[in-house]
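What follows is each chain in one-letter form.
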Amino acid sequence: LKAVAAAESGFDPRAVSPKGALGLMQLMPGTAREVGVSDPFDPEQSVRGGARYLRSLLDRFGGRLDLALAAYNAGPGVVERHGGVPPYRETREYVRRVIKIFGRLGGDSS
């Protein structure tokens, strides 16, 4: 979660992306509602919602961190349509960046 927050918002709880993602975990408004977040700019709600969403993606993609991260970035339907990490430069760089940050934080992505 810390690596995702670092990559998504640089730990800025007021971040807004050009595509409309909001808060620390950069949840899209629909996703925020789905995971029970009423205020995506509230850091606690954002992290809890981001955790719920990431957990659901890990479950959906059999625990594969790379696929869950790709889905967090591009959407789960896109990952399913491509049968893996989609060939989008932004998504591939995002997955690499989060895994690199995760490793620096002492995580194990295997």
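Look up: the structure comes first, before these words.
Caption draft 1: Main features of helix α3 (residues 43-60). Here α3 is 18 residues long and its end C-alpha atoms lie 25 Å apart, about the 26 Å a rise of 1.5 Å per residue gives. Packing partners of the buried residues in α3 comprise α1 (2-9), α2 (29-34), α4 (65-74) and α5 (76-82). Sitting at the head of α3, aspartate 42 places a side-chain oxygen 3.0 Å from the backbone nitrogen of glutamate 44. A positive backbone phi angle near 60° is found at glycine 62, which sits one or two residues after α3.

Caption draft 2: The arrangement of the packing of aromatic side chains in detail. What the rule picks out here adds up to 1 aromatic pair. Judged by centre distance (5.4 Å) and plane angle (50°), the ring pair of tyrosine 53 and tyrosine 72 falls under tilted. With a gap of 19 residues between them, tyrosine 53 in helix α3 and tyrosine 72 in helix α4 connect regions that are remote in the sequence. An identical accessibility class is assigned to tyrosine 53 and tyrosine 72; each is buried. Cation over ring: arginine 14 sits above phenylalanine 41, and NZ or CZ is 4.3 Å from the ring centre.

Cut-offs and rules
Residues numbered from 1 in each chain as written. Predicted model: local features only at pLDDT ≥ 70, side-chain atom pairs only at ≥ 80, totals over all residues. Heavy atoms only, no water. Helix = DSSP H or I, 4+ residues; strand = E, 2+ residues; numbered from the N terminus. Expected span 1.5 Å × (residues − 1). Contact = heavy atoms within 4.5 Å. Polar contact = N/O pair within 3.5 Å; in protein donor to acceptor, adjacent residues only side chain to side chain. Phe/Tyr/Trp six-rings, centres within 6.5 Å; stacked < 30°, edge-to-face > 60°. Buried < 20%, exposed > 50% of the residue type's maximum accessible area, 1.4 Å probe, protein only. Lys NZ or Arg CZ within 6 Å of the ring centre and 35° of its normal.

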